[in-house]
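Topology and contacts: notes
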Protein chains: 2
Amino acid sequence: MTSTPELFLPRPTCNQPKSIVILGSTGSIGRQALEVAKARPDLLRVVGLAAHSNTELFAAQIAEWRPQVAALWDEDAAQRLRSMVSGSTKILGGSGGVEEVATWPQSTLVLGAMLGAAGLGPTMAAIRAGKDIAIANKETLVAAGQIVTVEAREHGVALLPVDSEHSAIAQCLRGEESRSVTRLTITASGGPFVDTPRSELETVSPERALKHPTWAMGRKITIDSASLMNKVLESIEAYWLFDVPMEQIDVLVHRQSIVHSLVTFCDNSVKAQLGVPDMRLPIQWALLHPERVSGSPPPLDLFSMGPLSFEKPDAERFPSLNFGREVMQMGGTAPCAMNAANEVAVEAFLARRTGFYGITNCIAAVLERHENVKRPALDDIADADAQARRIADEWITRNSSVI
Amino acid sequence: MTSTPELFLPRPTCNQPKSIVILGSTGSIGRQALEVAKARPDLLRVVGLAAHSNTELFAAQIAEWRPQVAALWDEDAAQRLRSMVSGSTKILGGSGGVEEVATWPQSTLVLGAMLGAAGLGPTMAAIRAGKDIAIANKETLVAAGQIVTVEAREHGVALLPVDSEHSAIAQCLRGEESRSVTRLTITASGGPFVDTPRSELETVSPERALKHPTWAMGRKITIDSASLMNKVLESIEAYWLFDVPMEQIDVLVHRQSIVHSLVTFCDNSVKAQLGVPDMRLPIQWALLHPERVSGSPPPLDLFSMGPLSFEKPDAERFPSLNFGREVMQMGGTAPCAMNAANEVAVEAFLARRTGFYGITNCIAAVLERHENVKRPALDDIADADAQARRIADEWITRNSSVI
């Protein structure tokens, strides 16, 4: 018996499993999404898969899941795949093939978990086909936030965050009025270098940067986590998802990665979402929204979780923290250029072609030379991305002797 | 621009301030409720006040707020009051007078903040008159939870928690489905004796028990906080407000009193509400529900709040913790008897007629002799209350030589 029934939403009746498509199924998020689906076959049915070029894993996924359609972005890999799989799955290749998966008529929700800027095209195609989007590719919103959110609104599709921070914020916002929100506070584990002095960071190796203290993630996002660029991308993502000014979005270092983010309201009440650091929780939340069910996410033991600490991040050691407000003030294609420069610089860092601070220096150099387009169309985004990558490449080549 | 509009509730249009009645206006909660109302005269209008017997303060409140009606429970005090106030406020006395205030036609919400079991009658009268109840008197729900919640449902009135813990839970539940809740975790500062050994507690003075580390509250609730009986009462209150089985309600020691309580959902996601320990926040939340507005609650600085700790409470030093599940298993009038015995024992402890463990020993003795009525009507509740008080008094008198 409940005496405050207005607190609760009615339970949706759900007799049919939700049909979903996973873009980026061989990546870290994609694989965990399949685990989530495996735990609840009564609620989730995988009808389409797409990936970049990992044929072996992709072939195994097709054999296990028997989706209606599957595509590899890499045409040659798709060609090899055709000889590896049997069964009724339609096998496609190239960006056109991935878009066909993204817009597959039988799906109602698309998980966008392709790496980097490559996710933009298929995500836009899915939105225009009226699919709800579980958005794990933050670069899509960073590069083209305005276009994506306007199209999502026009096509009446939900953009459901998969990042643990944005999932936390969305969970805290449920049932609240948008205008009562005064601050979003994105938590950061601080990454592997939370206590590393600047002098040491100047010569730190990619191997050390890849050792994340709390989260098991892909390589690109783990480096972004070490440089705190991840938090810049997440702040911009939050801006577009939740319509809160950048000045009201903070980053808070919370080493334990238990509190995934917080929302402050105008009455100075703060809500937070907590959980073990495991991506299956936010993935499940997005895939099954608005239903919560038991499934693969493991429990958090409140009695033994130990003390939780909170600190201001150090913008001197992590100069990336300043980029967020800077590029959002510039607007237009500046966030896209920052994101492209970061992708190039992270690759260069992993290949030992630049140092840890080469990442932020490269981004700063690209932003300085960026020809900003104030109200970009999708083509302008693509141009800005290409231009930024070219400038970043040149900068890396010119400065690679430094390390 | 918001791309996930289904997350947000529509903003209620509110041109008229809400007319409210405060029962217990001279107490700690009542005085802070008036501060909340003072900060937002555009949203809250005080039309009725009631208190026990503090004529001086009550007369000053009438002079300041000019309510339409005001009553003192104590008839003699009401008589004195009549000669102290001028103006158009209708002055009443006795339990009948308080009930007239509780049911005053011009109000839409009644804040029930009378001390102890005395709050039951007026609260029931207000519910039957169709008033929404901001419930600060947890003893009402402990003693008569079934009757109160059934009547509230029948009369379509909301029971809005004012306790910071229950306010936190209600805030975390907003927008969620009731059946997705798997656990409520009520936080406890641990009180002044969180680290005091049992041997020392046996002879501890009322003065030390009244020194609460984080909350400024009334005397009765401060002692309940020291014995952790407060958490037992709150667990039972949560049971009735949120319809969660007692086995799924935990108490968690959190010394900083920043996290006011937590809710765990079936997907292992946990939501928490945080804020500075200041009752004006949950009071405002209840009085203005479902609106959040800026007002008197002070902000929480997430950057400087320091580490937050969480520990299992010690049921050996605080044997009261076992009463919750015990009396809820007994059901019927047992929780009422426990509550009445606690009130008597706390008074005796404050008067140095019993020791700190005299409180729990007295309650245990009363429960042992309690003649339980399984499906009580209001009269049975009153009888159980009186019987328990008599037994508790006898027990205190018989055992007072012990200290």
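From a predicted model like this one, the values you see are computed outputs, not experimental measurements. (Residues numbered from 1 in each chain as written. Chains lettered and ligands numbered in written order. Predicted model: local features only at pLDDT ≥ 70, side-chain atom pairs only at ≥ 80, totals over all residues. Heavy atoms only, no water.)

**Here's the deal with helix 16 (residues 378–399) of chain B**
Residues and elements named next belong to chain B. Applicable threshold: Working definition: helices are DSSP H or I runs of at least four residues, strands are E runs of at least two. Numbering for both runs from the N terminus. In this analysis, the expected span of each helix is defined as 1.5 Å times one less than the number of residues it contains. Each residue gets one of three labels from its accessible area relative to the maximum for its type: buried under 20%, exposed over 50%, partly exposed in between, using a 1.4 Å probe on protein chains only. Only heavy atoms enter the contact rule, under which two residues are in contact if any of them lie within 4.5 Å.
With 22 residues, helix 16 should cover 32 Å at 1.5 Å per step; its first-to-last C-alpha distance of 31 Å lies within 8% of that length. Of all the positions in helix 16, only Ile381, Ala384, Asp385, Gln387, Ala388, Ile391, Ala392, Trp395 and Ile396 are classed as buried. Looking at the buried residues of helix 16, the elements they touch are helix 5 (120–128), helix 6 (138–154), helix 14 (334–350) and helix 15 (356–369).

**A look at the sheet that holds strand 5 (residues 109–112) of chain A**
Residues and elements named next belong to chain A. What counts, and what does not: DSSP calls a pair of strands paired once it identifies at least 2 bridges connecting them. Comment: axis = line fitted to C-alpha atoms, over the contacting stretch for helices; angle = value between 0 and 180 degrees taken between N-to-C directions.
Across the sheet, seven strands lie side by side as 4-3-2-1-5-6-7; this open sheet has parallel pairing. Pairing within the sheet leaves two strands with one partner each, and these edge strands are strand 4 (90–93) and strand 7 (159–161). Sheet twist, expressed as the mean angle between neighbouring strand axes with direction ignored, is 25°. In this sheet, strand 5 lies alongside strand 1 (residues 18–23) in parallel orientation, the contact comprising four bridges. In the sheet register, Ile22 faces strand 5, and the bridge partner there is Leu111. Each of strand 1, strand 2 (44–51) and strand 5 touches helix 1 (residues 28–39); the most contacted strand, strand 2, lies at about 165° to it.

**Remarks on the domain arrangement of chain A**
Residues and elements named next belong to chain A. Cut-off, in case you're wondering: Just so you know, the domain bounds were taken from an automatic or database domain assignment. As a working definition, buried area equals the accessible area (1.4 Å probe) given up by two parts on being put together, with both sides summed. A carboxyl oxygen of Asp or Glu within 4 Å of a side-chain nitrogen of Lys or Arg is what we treat as a salt bridge. Residues adjacent in sequence count toward polar contacts only when both atoms are side-chain atoms; beyond that, a polar contact is any pair of N or O atoms within 3.5 Å, and within protein one must be able to donate a hydrogen and the other to accept it. Nonpolar residues are Ala, Val, Leu, Ile, Met, Phe, Trp, Tyr, Cys and Pro. Charged residues are Asp, Glu, Lys and Arg, and all others, Gly as well, are polar.
Along its sequence, chain A is organised into domain 1 (18–162), domain 2 (164–276 + 305–321) and domain 3 (331–403). Each of domain 2 and domain 3 has a C-alpha centre, and these two points are 23 Å apart. Between domain 2 and domain 3, the residue contacts involve 24 residues of the former and 14 residues of the latter. A combined buried area of about 1500 Å² lies between domain 2 and domain 3, and 75% of that area is made up of carbon and sulfur atoms. At the boundary of domain 2 with domain 3, the tally comes to one salt bridge. Put simply, Arg352 and Glu207 hold a salt bridge, and the shortest N to O gap is 2.4 Å. Where domain 2 packs against domain 3, one counts three residue pairs in polar contact (both at pLDDT 80 or more). Listing elements by their share of the side of domain 2 that touches domain 3, those giving two or more residues are helix 8 (198–201), helix 9 (206–209), helix 10 (219–227) and helix 11 (229–242). A total of six residues in the side of domain 2 that touches domain 3 trace back to one element, the largest contributor, which is helix 10. Across the side of domain 2 that touches domain 3, the residue classes tally to 14 nonpolar, three polar and seven charged.

**Things to note about the pairing of strand 3 (residues 69–72) of chain A**
Residues and elements named next belong to chain A. Heads up, the condition is: Viewed with both strands pointing away, a crossover whose connecting path from the first strand over the helix to the second turns clockwise is right-handed.
Both faces of strand 3 are covered, namely the face carrying Val69 and Ala71 and the face carrying Ala70 and Leu72. Summarising the sheet, strand 2 and strand 3 pair through four bridges and their orientation is parallel. For Ala50, the partnering residue across the bridge sits in strand 3 and is Ala71. Chirality of the crossover, the property in question, places the unit of strand 2, helix 2 (residues 55–65) and strand 3 among those that are right-handed. As paired elements, strand 3 and strand 4 share four bridges and run parallel to each other.

**Side note on the packing of helix 10 of chain A against helix 11 of chain A**
All names here are of chain A. How we decide: Between 65 and 115 degrees an angle is taken as roughly perpendicular, under 35 as roughly parallel, over 145 as roughly antiparallel, and anywhere else as oblique.
Put simply, helix 10 and helix 11 touch, their axes get as near as 5 Å, and they point 95° apart. When the interaxial angle is binned, helix 10 and helix 11 end up roughly perpendicular. Counted together, Lys220, Ile221, Asp224, Ser225 and Ser227 of helix 10 and Met229, Asn230 and Leu233 of helix 11 form the full contact between these two elements. Of the residues belonging to the contact of helix 10 with helix 11, the class tally is three nonpolar, three polar and two charged.

**Quick word on the relation of the copies chain B and chain A**
Spelled out, the test is: Fitting of the copies onto one another was done by least squares over C-alpha atoms, counting residues only where both copies have pLDDT of at least 70.
It takes a turn of 180° to lay chain B on chain A, together with a shift of 0.0 Å along the axis; the resulting RMSD is 0.0 Å. What the rotation and shift describe, once combined, is the action of a two-fold rotation axis. Residue Gly175 of chain B of chain B places its C-alpha closer to the rotation axis than any other residue of that unit, at 2.0 Å.

**Brief notes about the pattern of salt bridges**
Pairs can form between side chains of opposite charge whenever their charged atoms are close. Applying the stated rule across the entire model yields 52 salt bridges over all chains. For Glu234 of chain B, the salt bridge goes to Lys231 of chain B, with nearest N and O atoms at 2.8 Å. With Glu234 of chain B and Lys231 of chain B both in helix 11 (residues 229–242) and three residues apart, the pair spans about one turn of that helix. On the accessibility criterion, Glu234 of chain B (1% relative accessible area) is buried. Through salt bridges that share partners, Lys138, Asp163, Glu165, Lys231 and Glu234 of chain A make up one connected network.

**Quick word on unusual backbone geometry**
A negative phi angle characterises most non-glycine residues, just as the trans form characterises most peptide bonds. In this model, His289 of chain A is joined to Pro290 of chain A through a cis peptide bond whose omega is 5°. With respect to the helices and strands, the residue Pro290 of chain A is situated in the loop between helix 12 (280–288) and helix 13 (323–330). A positive phi angle is found at Arg66 of chain B, which is not glycine, with a value near 45°. Here Arg66 of chain B is to be found in the loop between helix 2 (55–65) and strand 3 (69–72). Judged by its relative accessible area of 65%, Arg66 of chain B falls in the exposed class. Although it is not a glycine, Asp243 of chain B adopts a positive phi angle of roughly 55°. Along the polypeptide, Asp243 of chain B turns up in the loop between helix 11 and strand 9 (249–253).

**Side note on the interface of chain B and chain A**
Listed as interface residues are 72 residues of chain B and, on the opposing side, 72 residues of chain A. The junction of chain B with chain A conceals about 6300 Å² of combined surface from both sides, 57% of it contributed by carbon and sulfur atoms. For the interface between chain B and chain A, the tally reads four salt bridges. Taking the shortest distance from any N to any O, the salt bridge between Glu176 of chain A and Arg292 of chain B comes out at 2.7 Å. Inspection of the chain B/chain A interface yields 18 residue pairs in polar contact (both at pLDDT 80 or more). Elements represented by at least two residues in the side of chain B that touches chain A include exactly helix 6, strand 7 (159–161), helix 7 (164–173), helix 11, strand 9, strand 10 (259–265), strand 11 (270–274) and helix 12 (280–288) of chain B. With five residues, strand 11 of chain B is the largest single contributor of residues to the side of chain B that touches chain A. Among the residues forming the side of chain B that touches chain A, the class breakdown is 39 nonpolar, 18 polar and 15 charged.

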